Amino acid sequence: MLRFEGVWKGYGGAPALAGVDLEVPEARTTVLIGPSGCGKSTLLRLAAGLIRPDRGRIWFEGEPLRPDRLRPARLRMGYMIQDGGLFPHLTVRDNVTLMARELGWPRDRREPRLAELAEMVQLPADLLARYPIELSGGQRQRVALMRALMLDPDLLLLDEPLGALDPMIRFELQRELKAIFARLGKTVLLVTHDLAEAVFFGHRLVLLRAGQVVQQAAPSVLLARPTEPFVARFVEAQREPQRVLLGAVG
Ligand code: ADP
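In this report, the structure presented in the accompanying data block is examined. (Residues numbered from 1 in each chain as written. Predicted model: local features only at pLDDT ≥ 70, side-chain atom pairs only at ≥ 80, totals over all residues. Heavy atoms only, no water.)

This brings us to the packing of helix α5 (residues 137–149) against helix α6 (residues 167–184). Between α5 and α6, the least distance of the axes is 11 Å, while the angle of their chain directions is 15°. Considering their axes alone, α5 and α6 lie roughly parallel with respect to each other. In this structure, α5 crosses over α6, and the sense of that crossing is right-handed. Residues Gly138, Gln141, Arg142, Leu145 and Leu149 of α5 touch α6, and the partners they reach there are Ile169, Glu172, Leu173, Glu176, Leu177, Ile180 and Leu184. Looking at the contact of α5 with α6 residue by residue, the classes come out as seven nonpolar, two polar and three charged. (Axes fitted to C-alpha atoms, helices over the stretch in contact; angles between N-to-C directions. Helix = DSSP H or I, 4+ residues; strand = E, 2+ residues; numbered from the N terminus. Parallel < 35°, antiparallel > 145°, perpendicular 65-115°, else oblique. Left-handed = near helix turned anticlockwise from the far one by under 90°. Contact = heavy atoms within 4.5 Å. Nonpolar A, V, L, I, M, F, W, Y, C, P; charged D, E, K, R; others polar.)

Spelled out as structure tokens, the structure:
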């Protein structure tokens, strides 16, 4: 489905990605985790074709992701970022249907799809006429997900999709998102810095450090059998706050 082969990407100084090999399996959720600045978003932006690798190749559905083939590939991907990235001057309806309108979908194709998606993400129909500023953070992310799903993409690229939400809304949307992924059987590549969220979503976790993959494995394997001390430290650092919490209640 999606494959990185010896991918390097730098921004002047130290490389943001330094020789990444990664295979993203179909109809599964793969989660990129790692400390801030380790290259997670860069990897996702490369997959979306928003930036180009300095070296190496990215394959999408059996073909190299090259500038001359980017547009058709992009139409088969849905991309969603932390703050939703909605256009502020467009209503919810126009944000979600933007690409479909550009592709010439008639109204009688757009509107049923819009209604279907609103129901799927549980967005009340009266919000379709609103502007993004008139929505809560959670509602904005529901709309961003509708936009990402509008063209029924093969691949969903989600960069900290719940990162800006307060804990209760986040908890609720985590569950809804996971159910949607399972129902649609989509290939998902999701970025988070939160190990608990990664374990919750991921069939496979990919831990990055300083632009390199340190370990990729099923969650239970990564937690139980870290291949490097760094993996064990990363897991331990994320467990500590939970321990404090449990200690306080018990
Ligand atoms: P993460 O998503 O894991 O926090 P990023 O992929 O955003 O990490 O960044 C990886 C590294 O590349 C960081 O050191 C970051 O500062 C750098 N970087 C990312 N984007 C840019 C950019 N547009 N210009 C310069 N440096 C960048």
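Around the ligand, the surrounding shell consists of Tyr11, Ala16, Pro35, Ser36, Gly37, Cys38, Gly39, Lys40, Ser41, Thr42 and Arg45. Cys38 has a polar backbone atom sitting 3.2 Å from an oxygen atom of the ligand. A distance of 2.9 Å separates an oxygen atom of the ligand from a polar backbone atom of Ser41. Burial of the ligand by the surrounding chains reaches 56%, relative to a free accessible area of 560 Å². Among the elements that make up the shell around the ligand, the one with the highest residue count is helix α1 (residues 40–47) (four residues). Grouping the amino acids of the shell around the ligand by side-chain chemistry returns four nonpolar, five polar and two charged. (Near = heavy atom within 4 Å. Polar contact = N/O pair within 3.5 Å; in protein donor to acceptor, adjacent residues only side chain to side chain. Areas by Shrake-Rupley, 256 points an atom, 1.4 Å probe, with all protein chains shown as cover.)

Now for the side chain of Lys40. Topologically, Lys40 is positioned in helix α1. Buried charge without a partner: Lys40 forms no salt bridge, and the closest opposite charge is Glu160, 5.3 Å away. A distance of 2.9 Å separates a polar side-chain atom of Lys40 from the backbone oxygen of Gly34. The contact partners of Lys40, leaving out residues within four places of it in the chain, are Leu32, Ile33, Gly34, Pro35, Val191, Thr192 and Leu208. (Buried < 20%, exposed > 50% of the residue type's maximum accessible area, 1.4 Å probe, protein only. Lys, Arg positive; Asp, Glu negative; His and termini not counted. Salt bridge = Lys/Arg side-chain N within 4 Å of Asp/Glu carboxyl O.)

Bringing the pairing of strand β9 (residues 204–209) into the picture now. Looking at chain direction, strand β3 (residues 29–33) and β9 are connected through four bridges and run parallel. Paired with Leu32 across the strands is Val206, a residue of β9. Two strands pair when backbone bridges link them, and β9 and strand β10 (residues 212–217) are joined in this way by five bridges, in the antiparallel orientation. In the strand pairing of β10, Leu208 is matched with Val213. In textbook terms, the turn of a hairpin is the stretch between consecutive antiparallel strands, and for β9 and β10 this stretch comprises two residues, one of which, Ala210, has a positive phi near 45°. (Pairing = 2+ DSSP bridges.)

On to the nonpolar core, then. Inside soluble globular proteins, nonpolar side chains tend to come together where they are buried. Judged by nonpolar contacts, the single largest core of 46 residues is most densely connected at Ile33, Val96, Leu123, Met146 and Phe181. Top element by residues in this core is α5. It accounts for six residues. Here this core gathers at least three residues from each of two domains, domain 1 (23–50 + 66–76 + 155–250) and domain 2 (87–152). Residues in contact with Leu123, not counting those within four places in the same chain, are Val92, Ala118, Leu128, Gln139, Arg142, Val143 and Met146. (Core = buried A, V, L, I, M, F, W, Y, C linked by side-chain atoms within 4.5 Å. Domains from an automatic or database assignment.)

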